[in-house]
Amino acid sequence: MSTRIPLPYSPKIIQLFKKPKNLGPIEDADVVENAGSPACGDMIKIYLKISRKENKDIVEKASFESYGCAANIAAASILTDIIAGKSLEEAWKVTWKQISDELGGLPAIKYHCSILAVGALKRAIRAYYKKVNEHPEWLPENLTIEEKQTMEEEEMLERYYKAMKQLTPQTSQQQQIQ
Ligand code: FES
């Protein structure tokens, strides 16, 4: 019998985990970016197809691939749904707390799953403007608190999984299916 205590996931998280929306790559994506730690496997990849309409850069399509947990999949699913059809300026303003609220609330231990999802999106937006060699005035020059949070999460994940690996080689594998 398992000694694990099930996480208090909301019905929305369970629903999107079982049936995620916007899952899989966009073959002709304009930009693809990751957040997470390859060392531990908690990774999210965001694909954006962008078109310019009336001087605005619009997210025509957004999709994701996830190598994270149920909360990560649900966060990426709802994030890609929220930003579809929005301008990149609007998409930039989406926060991980908003994602958590839309999901009916993430357990505190799972906040980092939505931080990674939003972090990947912000990287994708920056990468897009680097690619087209532009810098709109609404895009901050320096990394924002949320972007720094993503980097901190990545560092923490790597440290945590390295420590777990040293303790019990099987533990990090078990972690990936939570
Ligand atoms: Fe959810 Fe790491 S992505 S636990």
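Because the structure is predicted, anything quoted here is derived from the model rather than measured. Positions within a chain are numbered from 1, following the residues in the order the chain's sequence is written. Reporting of local features is limited, given that this is a predicted model, to residues whose pLDDT is at least 70; pairs of side-chain atoms are given and counted only at 80 or more, and all residues count toward the totals for whole chains, interfaces and linings.

So what exactly am I meant to see when it comes to the overall build of the chain here?
Scanning the chain from terminus to terminus reveals seven helices and three strands. By definition, any uninterrupted DSSP run of H or I lasting at least four residues is a helix, any uninterrupted run of E lasting at least two residues is a strand, and each is numbered from the N terminus. Listed by position from the N terminus, the elements making up the chain come as α-β-β-β-α-α-α-α-α-α. Sorting the 178 residues of the chain into buried and exposed places 36% on the buried side. In this description, any two residues whose backbone-derived C-beta atoms lie within 7 Å of each other are considered to be in contact. Taking contacts inside the chain between residues at least 6 apart in sequence as the whole, the part at least 24 apart equals 66%. Any residue surrounded by 20 or more other C-beta atoms within 10 Å of its C-beta is treated as buried, while 12 or fewer makes it exposed and the intermediate range makes it partly exposed; C-beta atoms here are placed from the backbone.

Could you clarify how one ought to interpret the sheet that holds strand E3 (residues 56-66) in this entry?
What links the strands of a sheet is backbone hydrogen bonding, and the strands pair in either a parallel or an antiparallel sense. Taken together, three strands build an open sheet; the order of strands is E1-E2-E3 and the sheet is antiparallel. Here the strands that pair on one side only, and so sit at the sheet edges, are strand E1 (31-37) and E3. Taken over all neighbouring pairs, the strand axes of this sheet differ in orientation by 25 degrees on average, direction set aside. When DSSP locates at least two bridges between a pair of strands, those strands are taken to pair. As paired strands, strand E2 (residues 42-53) and E3 are joined by ten bridges and run antiparallel to one another. Bridge pairing links Lys45 to Glu65 in E3. Contacts from helix H5 (residues 111-131) reach E1 and E2, with the element oriented near 145 degrees to E1. Axis definition: a line fitted to C-alpha atoms, limited for helices to the stretch in contact. Angles are taken between N-to-C directions and run from 0 to 180 degrees.

What am I meant to see in the packing of H5 against helix H6 (residues 145-167) here?
Describing two packed helices takes the angle between their axes plus the distance from one axis to the other. One can describe the packing of H5 onto H6 by two numbers: an axis separation of 9 Å at closest approach and a directional angle of 120 degrees. Here H5 is positioned oblique relative to H6, judged by the angle of their axes. Here the hand of the crossing between H5 and H6 comes out left-handed. Residues His112, Ile115, Leu116, Val118, Gly119 and Lys122 of H5 form the contact with H6, whose participating residues are Glu146, Glu147, Gln149, Thr150 and Glu153. Gly falls in the polar group here, along with every residue not listed as nonpolar (Ala, Val, Leu, Ile, Met, Phe, Trp, Tyr, Cys, Pro) or charged (Asp, Glu, Lys, Arg). Here the residues of the contact of H5 with H6 sort into three nonpolar, four polar and four charged. Roughly parallel means an angle under 35 degrees; roughly antiparallel means over 145; roughly perpendicular covers 65 to 115; every other angle is labelled oblique. Handedness of a crossing follows from how the near helix is turned relative to the far one, being left-handed for an anticlockwise turn of less than a right angle and right-handed for a clockwise one.

How do you make sense of the nonpolar core when you look at a structure like this?
Nonpolar side chains tend to gather and get buried jointly when the protein is soluble and globular. Counting 41 residues, the largest nonpolar core has Ile44, Ile46, Ala74, Ala75, Leu79, Ala117 and Leu121 as the members making the most contacts within it. Of all the secondary-structure elements, those providing two or more residues to this core are helix H1 (11-18), E1, E2, E3, helix H2 (70-83), helix H3 (88-92), helix H4 (96-102) and H5. Each nonpolar core reported here comprises buried Ala, Val, Leu, Ile, Met, Phe, Trp, Tyr and Cys residues connected via C-beta atoms within 7 Å.

Can you help me understand the pairing of E1 in this one?
Residues in a regular strand point their side chains to alternate faces of the sheet. Counting buried positions along E1 gives five out of seven residues, so the element sits mostly inside the fold. Alignment of E1 against E2, held across seven bridges, turns out to be antiparallel. By the bridge assignment, Ser37 is partnered in E2 with Asp42.

Any chance you could explain unusual backbone geometry here in plain terms?
The general pattern is negative phi for most residues beyond glycine and trans for most peptide bonds. Positive phi is not limited to glycine here, since Glu54 has a value of about 45 degrees. Checked against the element boundaries, Glu54 lands in the loop between E2 and E3. Look at Glu54 and you get exposed, because 6 C-beta atoms sit within 10 Å. Despite not being glycine, Asn133 has its phi angle at roughly 55 degrees, a positive value. Tracing the sequence through the fold places Asn133 in the loop between H5 and H6.

Can you help me understand the environment of Asn72 in this one?
Relative to the helices and strands, Asn72 is located in helix H2. Every residue in contact with Asn72, bar those within four places of it in the chain, is listed here: Asp42, Ile44, Ser66, Cys113, Leu116 and Ala117.

What exactly am I supposed to notice about the packing of H2 against H5 here?
Interhelical geometry of H2 versus H5 gives an angle of 40 degrees and a closest axis separation of 8 Å. With respect to H5, the axis of H2 lies oblique. H5 is crossed by H2, and the crossing has right-handed handedness. Contacts between H2 and H5 involve Ala71, Asn72, Ala75, Ala76, Leu79 and Ile83 on the former and, on the latter, Cys113, Ser114, Leu116, Ala117, Val118 and Leu121. Within the contact of H2 with H5, the residues separate by chemical class into ten nonpolar, two polar and no charged.

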